[in-house]
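Structural characterization, general
Read off the chains here:
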Amino acid sequence: MKKHLILFLLATIFLVFDFEVIAQNNPGGHPGGGPPGKQIPKIGTIYGKVIDKQSGEPIEFATIAIEHTRFSKVVGGGISDKKGKFSIAELPPGKLILRVTFIGYKTSSSDTLFITREQTLLDAGTFSLEASSIGLSTVEVTAEKDMLLNSIDKKVFTVEKNITAEGASASEVLDNIPSITVDIDGNVSLRGNSNVTILIDGKPSSLSGASRAEILEQIPASTIENIEVITNPSAKYDPDGLSGIINIVLKKNKLQGINGMVTGSAGIGDKYNGSFNVNYRKKWINVFANAGYNSREMNGHGYSLRENNIGDTTFYFNSYQTGGFKRAGVMAKGGVDFFLNEKTSITLSTSYNSRNGGHDQYLEYNYLDENMVLSDLYYRDVEEVHPGFGSDYALNFSKRFAKQGRSLSSDIIWSDHGGNETQRAVERYYNTDGTSMNIPNGLFDQFSKDKSNELIAQIDYTHPTEKYGKFETGWKSTYQNTESDFHSESFDNESNTWVIDTLSKNEFGYTEAMHSGYFMYGNSFKWLDVQAGLRVEQTYVTSKLLETGVEYENDYFSLFPSMHVAKKLPKEHTIGLSYSRRIERPDMHDLNPFVDRGNPLELRVGNPYLKPEYIDSYEINYEKSWNKASLTSAIYYRETHDMMSRFKTVDSLGISTTTYANIYNSTSYGFEFVSVIPLTKWWDINGSVNIYRAVIDASNLETDLNNDAFSWFGKGISTMQFKYDISFQVSGNYRAPIAISQGTINAMYAVDVAIKKNILKKKGSISFRASDIFNTRGFSMNVAGTNFTQESLRKRESRQYYISFSYRFGKMDFSKKRDRRNNGGGDDGGGMDVDME
């Protein structure tokens with residue numbers, strides 16, 4: 001590992017030094033790198049103005065790049081001020097072209113301008129930028145304030161526009177986004193597939209593993225700027241996540257001065273959260289920080305009804321569950337950007353989360369014979385606490401070169417996370433008539449501890465050319481080490497002592513080293529944009545039973561090609577085709593061969609021979625934009641090889657065992673529609689529908705074990721802007737039954753409402769939110785095997801009521817008038833309406 005780190009650091013230093021030498025080793029040369037020995041004086045100045053084509057309002061922070069046509073070299077640049085004006089001095093004589101860009105708009109270019117010794121001051125005129133959301137850009141969009149920004153390869157959802165997210169968590173925000181569903185346990189799926197990669201600010205983090213759902217519930221929505229959904233990522237991205245990538249972009253303001261926001265929420269039933277984010281920027285330094293606290297208590301209930309058919313005998317195992325859940329946690333992130341010069345910066349950042357959860361469950365177990373007559377009865381009371389933590393430390397180096405678009409960046413990230421779990425179970429035994437057996441209760445304790453750390457080092461380089469397109473390349477190495485320790489004890493009433501259960505003691509280790517490199521090429525040919533890439537990866541995996549020393553190795557080499565093609569058609573039409581290969585890797589819990597006996601009727605065990613699954617993903621995308629509306633549609637096809645799936649069997653005693661296995665393959669295909677429609681100046685709606693078919697072939701596990709079903713899910717958000725800065729929003733979603741290898745997950749749906757009022761001259765707001773107003777959100781499924789059928793349901797408290805307050809502060813603001821376009825014509829604008837005096 002040290003060897004790879006040394007090589008990585010040396011490569012970074014070499015590249016920086018090499019590029020600086022190339023840029024500077026031109027004694028006496030001019031900015032375009034022309035003939036040496038001839039210093040061209042910088043005598044010219046060009047000025048102009050940038051406005052919104054539709055509204056005529058000035059655009060602040062637009063980027064102006066000036067290119068010398070003879071040398072194909074950017075020789076100057078700047079940004080527009082709050083009046084949309086710019087003035088760029090110290091320009092060399094010759095033929096120059098201005099290019100004006102701004103996020104959410106089409107690039108605008110000038111005619112050729114001539115600077116001579118006689119004409120050194122030129123007026124470039126007014127640039128009218130036209131709104132556009134089309135392109136193959138992989139830039140994180142954090143300034144556009146439409147609720148939903150569609151592009152040909154990603155969707156960007158602005159959290160601030162969703163008032164049903166007031167007082168909510170990241171999990172609840174994700175559940176309102178097209179293509180994404182979140183189940184009752186907080187597990188996230190993209191287009192019906194739970195194998196999705198979640199990033200924070202475009203980087204991996206401690207947001208992984210079994211704790212991911214808990215951490216998402218601890219991130220307040222008020223700390224999130226936007227969420228990006230990428231369904232067919234290019235080879236530049238890590239290939240993990242079969243269904244794609246979800247990138248959560250936290251708030252980090254780039255305005256000069258100090259600015260930020262504080263929020264607080266309270267809900268009925270001991271539910272509280274609060275957050276703040278603050279940013280300070282001054283010339284060569286930018287300091288940012290945000291933090292949030294979330295605490296909630298919930299009640300829940302559920303049941304499991306299983307019919308067992310062993311030979312000629314039929315009998316039933318039923319269980320019923322009630323209980324309460326509590327989760328509380330803190331999430332914080334902070335950092336500092338050092339700007340060494342206009343084009344070079346170093347960023348140090350860290351994040352930390354601490355969580356403490358637990359639940360009290362009361363379970364009733366019934367054993368019934370073939371005539372449905374009760375034959376055995378006992379109760380199990382469970383108390384559990386599971387605190388955990390996660391921390392990330394990151395160092396980033398970023399350099400932009402004189403040629404526009406040419407850049408070098410490198411990152412080193414260290415992550416450390418872990419958790420403990422303590423559980424006590426008390427079993428009480430009863431006769432079939434409900435009377436106590438008058439025997440001592442059974443007492444059982446379980447203890448588990450997980451700890452994991454990960455080191456990531458990567459470097460990325462982008463090199464655009466005028467004639468041959470853009471080239472990108474990079475390298476990444478990841479080292480991960482995880483250990484878990486589990487044991488249980490039972491109380492011996494005769495000796496009055498606790499006895500360790502030797503069958504349940506388990507110490508398991510997992511190490512993974514992964515090295516990958518990629519190459520990307522992109523170019524634009526008139527009306528056609530093309531992007532192709534290949535990622536090459538070598539992975540070394542070792543899992544080990546630490547007590548016995550038994551090791552399991554799984555090393556594999558993989559290729560991940562990608563291709564994106566987009567064609568812009570007349571009248572704001574765009575069509576795109578894309579392909580990518582992805583992977584889903586088994587984690588340590590999937591591989592651990594330890595038998596979990598926490599529920600004596602429902603055992604769980606990992607499979608150390610489980611292989612990763614690969615997917616080939618194909619998409620055809622179409623986008624049509626109107627004045628303020630858009631429609632994005634996609635037809636997709638996914639084929640999964642060696643799909644990892646849960647597989648349940650039942651033995652002659654009726655005890656089930658769930659493990660993980662690779663099945664032959666799975667195929668899914670469908671189409672998706674996402675629309676944004678401003679019905680009036682005060683009423684916007686957006687919605688999505690995804691319809692797909694899933695075909696699962698698991699005949700390698702059991703003869704004729706196949707499943708084939710259609711499913712669909714839809715979402716909609718309606719936002720109304722009224723007088724007196726009042727807005728009202730309704731959001732709803734429905735997910736139809738979906739097929740799994742041994743059965744079906746049943747339908748789930750919910751409706752949320754919220755109302756919000758801006759106060760304190762729009763510096764603050766107060767809102768009320770009601771989630772799942774019809775109390776319908778729950779999780780149920782039906783599964784079947786060769787000798788059993790099972791029906792189960794779990795329901796947690798989902799109808800919740802919150803009141804929230806937020807307050808913005810700062811010295812800089814975005815123009816209200818410019819935001820009016822982004823808000824679909826609303827009278828009051830939106831987005832960063834800080835409007836400070």
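The structure displayed is predicted, hence computed values, not measured ones.

Quick word on the overall build of the chain
The helix and strand tally for the chain stands at 5 helices and 47 strands. A buried classification covers 52% of the 837 residues belonging to the chain. Restricting to contacts in the chain with at least 6 residues of sequence separation, those with at least 24 account for 65%. When the accessible surface of the chain is split by element, carbon and sulfur atoms take 57% of a total near 37,500 Å².

Describing the packing of aromatic side chains
Per the counting criterion, the structure on display carries 24 aromatic pairs. Arranged with centres 6.1 Å apart and planes meeting at 45°, the rings of Phe471 and Phe519 form a pair that is tilted. Placement of the pair is Phe471 in strand β24 (residues 469–492) and Phe519 in strand β26 (residues 506–525), with a sequence separation of 48 residues. Members of the aromatic cluster, connected to one another through ring pairs, are Phe315, Phe317, Tyr365, Tyr367, Tyr378 and Tyr429. When the ring centre of Phe401 is taken as origin, the NZ or CZ atom of Arg406, which lies over that ring, is 4.5 Å away. When the ring centre of Phe325 is taken as origin, the NZ or CZ atom of Arg796, which lies over that ring, is 4.4 Å away.

Section: the pairing of strand β5 (residues 94–101)
Bridge analysis of strand β2 (residues 63–68) against β5 gives 6 bridges, and the strand direction is antiparallel. Counterpart to Ile64 in the pairing with β5 is Val100. Note that β5 and strand β7 (residues 113–115) share 3 bridges and pair antiparallel. Considered in β7, the bridge of Lys95 is made with Phe114. One ladder, built from 2 bridges, connects β5 with strand β6 (residues 108–109); its direction is antiparallel. Within β6, the residue paired with Arg99 across the bridge is Ser109.

Quick look at the sheet that holds strand β8 (residues 121–129)
Taken together, 3 strands build an open sheet; the order of strands is β4-β1-β8 and the sheet is mixed. Because the sheet does not close on itself, it has two edges, and the strands there are β4 (85–91) and β8. Recorded for the sheet is a direction-independent mean angle of 20° between the axes of neighbouring strands. Relative to β4, strand β1 (residues 44–52) is paired through 5 bridges, and the arrangement is antiparallel. Pairing of Tyr47 across the sheet is with Ser87, part of β4.

Notes on the sheet that holds strand β31 (residues 595–596)
Ordered in space as β31-β32-β36-β35, the 4 strands form an open sheet in which the pairing is mixed. The open sheet has two edge strands, β31 and β35 (644–650), and neither has a second partner. Where β35 and strand β36 (residues 656–662) come together, 7 bridges link them in antiparallel fashion. Across the sheet, the residue bridging to Val650 is Ser656, located in β36.

Re the pattern of salt bridges
One pass over the structure, following the stated rule, counts 19 salt bridges. We note a salt bridge from Asp381 to Arg428, for which the minimum N-O separation is 3.0 Å. Separated by 47 residues along the polypeptide, Asp381 in strand β21 (residues 374–400) and Arg428 in strand β22 (residues 407–430) bring together distant segments of the chain. Assessed through its relative accessible area of 18%, Asp381 is described here as buried. Taking the relative accessible area as the measure of exposure, Arg428 reaches 24% and is therefore partly exposed. The shortest N-O distance in the salt bridge between Arg424 and Asp445 comes to 2.7 Å. Here Arg424 is found in strand β22, whereas its partner Asp445 is found in strand β23 (residues 442–465), with 21 residues between them in sequence.

A short note on the nonpolar core
Judged by nonpolar contacts, the single largest core of 24 residues is most densely connected at Leu174, Ile180, Val188 and Ile227. Counting only elements with at least two residues in this core, the list comes to α2 (170–174), β11 (180–182), β12 (188–190), β13 (196–200), β14 (224–230) and β15 (244–250).

Let's talk about a positive patch on the surface
On the surface, a cluster of positive charge is made up of Lys49, Lys82, Lys83 and Lys85. Looking at the secondary structure, you find Lys83 in the loop between β3 (73–79) and β4. A relative accessible area of 55% places Lys83 in the exposed class.

Describing the pairing of strand β19 (residues 313–341)
Where strand β18 (residues 285–310) and β19 come together, 26 bridges link them in antiparallel fashion. By the bridge assignment for β19, Glu297 is matched with Lys326. Here β19 runs beside strand β20 (residues 344–368); their pairing, made up of 25 bridges, is antiparallel. Within the sheet, the bridge partner assigned to Gly324 lies in β20 and is Asp360. Remark: 2 residues form the turn of the hairpin made by β19 and β20, two consecutive strands paired antiparallel.

Observations regarding the environment of Pro93
Along the chain, Pro93 falls in the loop between β4 and β5. Expressed as a C-alpha distance, the spacing of Pro93 and Arg117, which sit 24 residues apart in the sequence, is 7.3 Å.

Structural notes on the environment of Ile268
Here Ile268 lies in the loop between β16 (257–267) and β17 (271–282). Judged by its relative accessible area of 60%, Ile268 is exposed. Distance in space between the C-alpha atoms of Ile268 and Ile803 is 9.1 Å, their sequence separation being 535 residues.

A short note on a nonpolar patch on the surface
Judged by side-chain polarity, Leu569, Ile575, Leu577, Ile620, Ile635, Phe671, Phe673, Val689, Ile691 and Trp712 come together as a nonpolar surface patch covering roughly 790 Å² of accessible area. Contributions of two or more residues to the nonpolar patch are made by β30 (573–584), β37 (665–678) and β38 (683–697). On the secondary structure map, Ile635 appears in strand β34 (residues 630–641).

Regarding the environment of Pro600
Relative to the elements of secondary structure, Pro600 occurs in the loop between β31 and β32 (602–605). Residues Pro600 and Ile655, 55 residues apart in the sequence, show an inter-C-alpha distance of 7.6 Å. What Pro600 contacts, discounting residues up to four positions off in sequence, is Tyr378, Arg380 and Ile655.

Some points on the side chain of Glu702
Topologically, Glu702 is positioned in the loop between β38 and β39 (706–722). Although Glu702 is buried, it forms no salt bridge, and the closest oppositely charged side chain is Lys648 at an N-O distance of 12 Å. Residue contacts for Glu702: discarding those within four places in its chain leaves Phe647 and Thr786.

Comments concerning unusual backbone geometry
For residues other than glycine, phi is negative in most cases, and the peptide bonds are mostly trans. The phi angle at Asp270 is positive, at roughly 55°, despite the residue not being glycine. Look at Asn496: it is not a glycine, yet its phi comes out positive at around 60°. Relative to the assigned elements, Asn496 resides in the loop between β24 and β25 (497–500). Taking relative accessible area as the criterion, Asn496 reaches 55% and is therefore assigned exposed.

Conventions used here
- Residues numbered from 1 in each chain as written.
- Predicted model: local features only at pLDDT ≥ 70, side-chain atom pairs only at ≥ 80, totals over all residues.
- Heavy atoms only, no water.
- Helix = DSSP H or I, 4+ residues; strand = E, 2+ residues; numbered from the N terminus.
- Buried < 20%, exposed > 50% of the residue type's maximum accessible area, 1.4 Å probe, protein only.
- Contact = heavy atoms within 4.5 Å.
- Areas by Shrake-Rupley, 256 points an atom, 1.4 Å probe, with all protein chains shown as cover.
- Phe/Tyr/Trp six-rings, centres within 6.5 Å; stacked < 30°, edge-to-face > 60°.
- Lys NZ or Arg CZ within 6 Å of the ring centre and 35° of its normal.
- Pairing = 2+ DSSP bridges.
- Axes fitted to C-alpha atoms, helices over the stretch in contact; angles between N-to-C directions.
- Salt bridge = Lys/Arg side-chain N within 4 Å of Asp/Glu carboxyl O.
- Core = buried A, V, L, I, M, F, W, Y, C linked by side-chain atoms within 4.5 Å.
- Patch = residues over 30% accessible without salt bridge, like charges linked within 9 Å, V, L, I, M, F, W, Y side chains within 5 Å.
- Lys, Arg positive; Asp, Glu negative; His and termini not counted.
- Charge placed at Lys NZ, Arg CZ, Asp CG, Glu CD.

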